[in-house]
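# Understanding the architecture of this molecule
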Amino acid sequence: MRAAEITALEAALGHRFQHRELLEQALTHASHAHEAESRAPASGARDNEQLEFLGDAVLGFLATRELYRRFPDFHEGELSKMRAHMVSAQHLVHVAGELELGRYLRLGRGEEKSGGRHKAALLADAVEAVLAALYLDAGLGKAEEFVVQRVIGPALERLERETGVGLAPTDHKSALQEFLQAQGRPQPRYVLVEEAGPDHRKTFTVEVRIQSPGRSAAAAFQAQGPNKKIAEQRAARRALEHLAAAEEATARPASRRRVGTGSR
């Protein structure tokens, strides 16, 4: 690659490589490496397959951690679906297009003639390889910056456009407050039950207490979290699930609730 091309790609990536050979390797397809080796066996030409392997793992980890941070109240299934979309080849091709990676790929003559610069598999692999190169050259922080800005951010925006649904964490506390208000019941009370663990890794247990209609006793629902805010949201979610189930059971026809009580 020419120095001007490397500089242009570095500008798009927002990072100046200390070891530019990493970036060149990340963009080198096996077809190019094999041709270079056949011409000069001692050239030591390397393709991007190992970097792609490493980048795949780094991407999976960073995407998982970022989604865990952004959506503390999402269930595992919801997080898994979002992560699967973000690390999919289809989405990585979009990332490659934004970076114009196709123009920088180092391809063998056969791949060049067959349109390799536009092949989805090659472009997705190149994104993962470039991520690995960033990680090896500058550490996890730079790799995380790339994943958040180039992979996760655009993926969330695209999901919101396609579904028309915002992806902000659900506010279970507000939902619980509105549910009780609609029934004319007192507002819930949140109590910190326990705070355990070292300062850098505390666990908070919060209990939400809800006054039952016509009763002096209050129903209580507990949940834990890495901070009080998340623990309160999780406790509110449990309370909502219980109240919704109780309301549904009450709304069922009496005949359905008395199964097996017919006359003899």
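Conventions and cut-offs
- Residues numbered from 1 in each chain as written.
- Predicted model: local features only at pLDDT ≥ 70, side-chain atom pairs only at ≥ 80, totals over all residues.
- Heavy atoms only, no water.
- Helix = DSSP H or I, 4+ residues; strand = E, 2+ residues; numbered from the N terminus.
- Buried < 20%, exposed > 50% of the residue type's maximum accessible area, 1.4 Å probe, protein only.
- Contact = heavy atoms within 4.5 Å.
- Areas by Shrake-Rupley, 256 points an atom, 1.4 Å probe, with all protein chains shown as cover.
- Pairing = 2+ DSSP bridges.
- Axes fitted to C-alpha atoms, helices over the stretch in contact; angles between N-to-C directions.
- Parallel < 35°, antiparallel > 145°, perpendicular 65-115°, else oblique.
- Nonpolar A, V, L, I, M, F, W, Y, C, P; charged D, E, K, R; others polar.
- Core = buried A, V, L, I, M, F, W, Y, C linked by side-chain atoms within 4.5 Å.
- Phe/Tyr/Trp six-rings, centres within 6.5 Å; stacked < 30°, edge-to-face > 60°.
- Lys NZ or Arg CZ within 6 Å of the ring centre and 35° of its normal.
- Lys, Arg positive; Asp, Glu negative; His and termini not counted.
- Salt bridge = Lys/Arg side-chain N within 4 Å of Asp/Glu carboxyl O.

We now examine the overall build of the chain. Counting secondary structure elements, the chain contains 12 helices and three strands. Out of the 264 residues in the chain, the part that is buried amounts to 38%. In the chain, 56% of the contacts between residues at least 6 apart in sequence involve partners at least 24 apart. Summing over all exposed atoms, the chain offers an accessible surface of approximately 15,500 Å²; the carbon and sulfur share of this is 50%.

With that settled, consider the sheet that holds strand E2 (residues 203-211). If you walk across this open sheet you meet the three strands as E1-E2-E3, and the pairing is antiparallel. At either end of the open sheet lies a strand with only one pairing partner, and these are strand E1 (189-196) and strand E3 (218-225). Each strand axis lies, on average, 20° off the axis of its neighbour in the sheet, ignoring direction.

Now for the packing of helix H6 (residues 89-99) against helix H8 (residues 120-138). Close contact between H6 and H8 brings their axes to 8 Å; oriented N to C, the two are set at 75°. As summarised for this structure, H6 and H8 are arranged roughly perpendicular, according to the angle between their axes. Side by side, H6 and H8 meet where Ala89, Leu92, Val93, Val95 and Ala96 of the first sit next to Ala120, Leu123, Ala124, Val127 and Glu128 of the second. Class assignment of the residues belonging to the contact of H6 with H8 gives a composition of nine nonpolar, no polar and one charged.

What follows is about the environment of Val191. Relative to the elements of secondary structure, Val191 occurs in strand E1. Residues contacting Val191, with those up to four places away along its chain left out, are Thr205, Val206, Glu207 and Arg209.

Core analysis: the largest hydrophobic core is formed by 45 residues, its most contacted members being Leu13, Leu23, Leu27, Leu101, Val130, Phe146 and Val147. Secondary-structure elements contributing two or more residues to this core are helix H1 (3-13), helix H2 (20-26), helix H4 (49-70), helix H5 (76-86), H6, H8 and helix H9 (140-163). When near neighbours in sequence (up to four residues on either side) are disregarded, Phe146 contacts Leu13, Val95, Leu99, Val127, Leu131, Leu134 and Val151. Leu176, Phe179, Phe221 and Ala236 belong to the second-largest nonpolar core, a separate cluster that totals 12 residues.

The next subject is the packing of aromatic side chains. A full pass over the atoms with the stated rule returns zero aromatic pairs. The side chain of Lys173 reaches across the aromatic face of Tyr190, ending 4.7 Å from its centre.

Attention shifts here to the environment of Ala84. Structurally, Ala84 can be placed in helix H5. The class for Ala84 is partly exposed, based on a relative accessible area of 43%. Along the backbone, Ala84 and Gly60 are 24 residues apart, and their C-alpha atoms lie at a distance of 9.0 Å.

Position of Arg237 relative to the elements: it lies in helix H11 (residues 228-251). At 4.2 Å, Glu241 is the nearest oppositely charged side chain to Arg237, a buried residue that forms no salt bridge. Among all residues touching Arg237, those that are not within four sequence positions of it are Asp73, His75 and His172.

Right, let's get into the pattern of salt bridges. For the structure shown, the criterion picks out 15 salt bridges. Note that Glu24 is salt-bridged to Arg106, the shortest N-O span being 3.8 Å. Taken as a pair, Glu24 in helix H2 and Arg106 in the loop between H6 and helix H7 (109-113) lie far apart in primary sequence, 82 residues in all. Under the relative-accessibility criterion, Glu24 is labelled partly exposed at 22%.

So, on to the side chain of His172. Its place among the elements puts His172 in helix H10 (residues 172-182). When sequence neighbours within four positions are dropped, the list of residues in contact with His172 reads Asp73, Gln233, Ala236, Arg237 and Leu240.

Read these as spatial facts, not as claims about activity.
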